[in-house]
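So the chains spell out like this:
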Amino acid sequence: MKHPVIQSLTTKLTLAFLLIGILGAALVAILTSYSTRGEFDKFVTSMGAEQIKAELEAYYSTNGEWGDDSERKAAFNPLWGDMMLLDATGETIFIPPYQAPELFVEEIALEVDGEPIGTLFTKSNQHTYDQYDKWSNRSRQETQFLDNVIRASLLSATGAAALALVAGAVLSRGLTRPIRALTEATQKMTDGELGAQVAVQGGDEIGRLASAFNRMSHDLAAASQKRKQLTADIAHDLRTPLTILGGYTEGLKDGTLQGSPQLFEIMHDEVGHLEHLVTDLRTLSLVDAGRLPLNKRKVAPKALLERTGLAYIMQAEQKGLELRIESADSLPPLHVDTERMTQVLNNLVSNALRYTDQGQIVLSAAADDDKVLLQVRDTGSGIAADVLPHIFDRFYRVDASRQRERSGSMSSGLGLAIAQALVQAHGGKIAVESTVAKSAENNPSGTTFTILLPV
Ligand code: ATP
Ligand code: MG
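The structure contained in this document is the topic of the report that follows. Please read these numbers as outputs of a predicted model, since none were measured by experiment.

Conventions we followed
- Residues numbered from 1 in each chain as written.
- Chains lettered and ligands numbered in written order.
- Predicted model: local features only at pLDDT ≥ 70, side-chain atom pairs only at ≥ 80, totals over all residues.
- Heavy atoms only, no water.
- Helix = DSSP H or I, 4+ residues; strand = E, 2+ residues; numbered from the N terminus.
- Buried < 20%, exposed > 50% of the residue type's maximum accessible area, 1.4 Å probe, protein only.
- Contact = heavy atoms within 4.5 Å.
- Areas by Shrake-Rupley, 256 points an atom, 1.4 Å probe, with all protein chains shown as cover.
- Donors = N, O, S within 2.8 Å, 3.2 Å for Na, K, Ca; no water.
- Phe/Tyr/Trp six-rings, centres within 6.5 Å; stacked < 30°, edge-to-face > 60°.
- Pairing = 2+ DSSP bridges.
- Axes fitted to C-alpha atoms, helices over the stretch in contact; angles between N-to-C directions.
- Core = buried A, V, L, I, M, F, W, Y, C linked by side-chain atoms within 4.5 Å.
- Domains from an automatic or database assignment.

In this section: the overall build of the protein chain. Scanning the protein chain for helices and strands turns up 11 helices and 11 strands. For the protein chain, the proportion of its 455 residues judged to be buried stands at 35%. For the protein chain, the share of sequence-separated contacts (at least 6 apart) that also reach a separation of at least 24 residues comes to 66%. Summed over its atoms, the accessible surface of the protein chain is roughly 27,200 Å², and 57% of this surface lies on carbon and sulfur atoms.

Next comes the structure, spelled out in structure tokens:
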């Protein structure tokens, strides 16, 4: 395994900054020195050539001719040695010994009073500079100037590298701080502390990662809490009927209780409740696992409503409630498991019957684009806004104590959770709207459940 410091993101980023800094500065230094030298050479050469041109023209205008070699040597700058001179007719006046004429490429015309007197040739820039450097006193200073320029470039390159190192270290520490915080929080979650949160800074990629992490962590904690609560609820709901049954069977065994039709009726109800609870839990677990078999068939929405309506019409009449079905005949047929959809509607209507003391319960069907809306509407007690978001939760009962007196021991709080799971298994949605009466006289209260199913 590599050393942790080398593996650290901070070190990697700092090194990357340093590398870029050094490369950039080196590039600048090389380009600067190269182009300075080139420009400078051109300048120096043209200066030297201009000076020689002037000297040659002055010599010719006093002499009236080019004269012989010894005269010229005495009169001119030693620079002469690296130039070629032709007269106006193209005859060679001077060429340095042992040098080919092709070497001389830069051409300068010489004239006196507008009359051409000859042509001066110099070598290419670089070559001239090298000769010049060896011979001229002044050009040594010029060489020094160039050296200084290069030294300054190198110095600034070193400075830039140092700056890159410092800036890289500071910047990368800042960049990796939220990542370190995220790692710490993830570690906490691994150790079992669900719900750990990190501070979100800014909306950049890391900021978005942090807020996504926070959401995930929060959801995980909530899910874990829900699971614990669910287990406790299941245990509690199984315990009550078992305690009752256990008490009765013990009394029967000891002979302290005499068997009677009422006693057996109660025991039978409790067994029925246990069975109901276990069936509900099994249905939920099947839907959760995506393994609930759906026996889908085509059915008219109205037929579905009538089936539930018929099942509950007697109960409604006994309570003095009106149970009505409202549906157009021309609705498109639904493709659903009729047993399961009836289970959903039965649960909604049985709830409505339980919480409605006067008025009516209406089952309606309507078309909505390519969907069918099924509604169960009651004029009952209504559901308070603060508990409305929870009524689809498993084992959720608004008021557990009031529940007992209304429904005996048969209420589990799983009805709506199952209804929602079944509707979703059909690719549909279920929603609820409810109003609670502010005072007894005005403001009719009531609840409406709406199921939206694809056709
Ligand atoms: P189960 O259906 O398993 O016997 P339950 O009816 O108590 O039990 P749900 O059907 O899930 O459970 O309903 C949850 C809670 O929502 C109920 O306890 C009740 O307080 C409230 N609720 C449901 N329907 C209505 C309604 N039509 N009017 C008023 N409150 C309702
Ligand atoms: Mg119910």
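And the narrative resumes.
Under perfect tetrahedral coordination by four donors, a metal shows angles of 109.5 degrees; under perfect octahedral coordination by six donors, it shows angles of 90 or 180 degrees. The protein atoms that coordinate the magnesium ion (ligand 2) are Asn347 (OD1) and Asn351 (OD1), at distances of 2.2 to 2.6 Å. Separated by four residues within a single helix, asparagine 347 and asparagine 351 lie in helix α9 (residues 338-355), roughly one turn from each other. Judged by relative accessible area, which is 14%, asparagine 347 ranks as buried.

One pass over the structure, following the stated rule, counts two aromatic pairs. Aromatic pair phenylalanine 392 and phenylalanine 449: ring centres 6.2 Å apart, planes at 90°, arrangement edge-to-face. Taken together, the residues span a long stretch of sequence, with phenylalanine 392 in the loop between β9 (371-378) and α10 (400-407) and phenylalanine 449 in strand β11 (residues 446-454) at a distance of 57 residues. When its relative accessible area of 12% is taken as the criterion, phenylalanine 392 is described as buried.

Moving on, we come to the sheet that holds β11. With respect to topology, five strands assemble into an open sheet ordered β6-β8-β9-β11-β10, the strand pairing being mixed. If you trace the sheet from one side to the other, it starts and ends with β6 (322-327) and β10 (429-435), each paired once. Between one strand axis and the next, the sheet turns through 15° on average, direction left out of account. Of the pairings in the sheet, the one linking β9 to β11 comprises eight bridges and is antiparallel in character. Note on β11: the bridge partner recorded for valine 376 is phenylalanine 449. Seen against the sheet, helix α11 (residues 415-425) touches β10 and β11 and runs at an angle of roughly 140° to β10.

Another aspect to go through is the nonpolar core. Counting residues in each nonpolar core, the largest one holds 46 residues, and the members touching the most others are Leu374 and Ile451. Take this core: its biggest share by element is seven residues, from α9. Each of domain 2 (237-288) and domain 3 (296-402 + 411-454) contributes no fewer than three residues to this core. In contact with isoleucine 451, not counting residues within four places along its chain, are Met341, Val344, Leu345, Leu348, Val372, Leu373, Leu374, Val423, Lys429 and Ile430.

Here we come to the environment of serine 224. Assignment of secondary structure puts serine 224 in helix α6 (residues 205-254). Judged by relative accessible area, which is 12%, serine 224 ranks as buried. As a C-alpha pair, serine 224 and glycine 195 span 29 residues in sequence and 9.8 Å in three-dimensional space.

On their own, these measurements won't tell you what the molecule is for.
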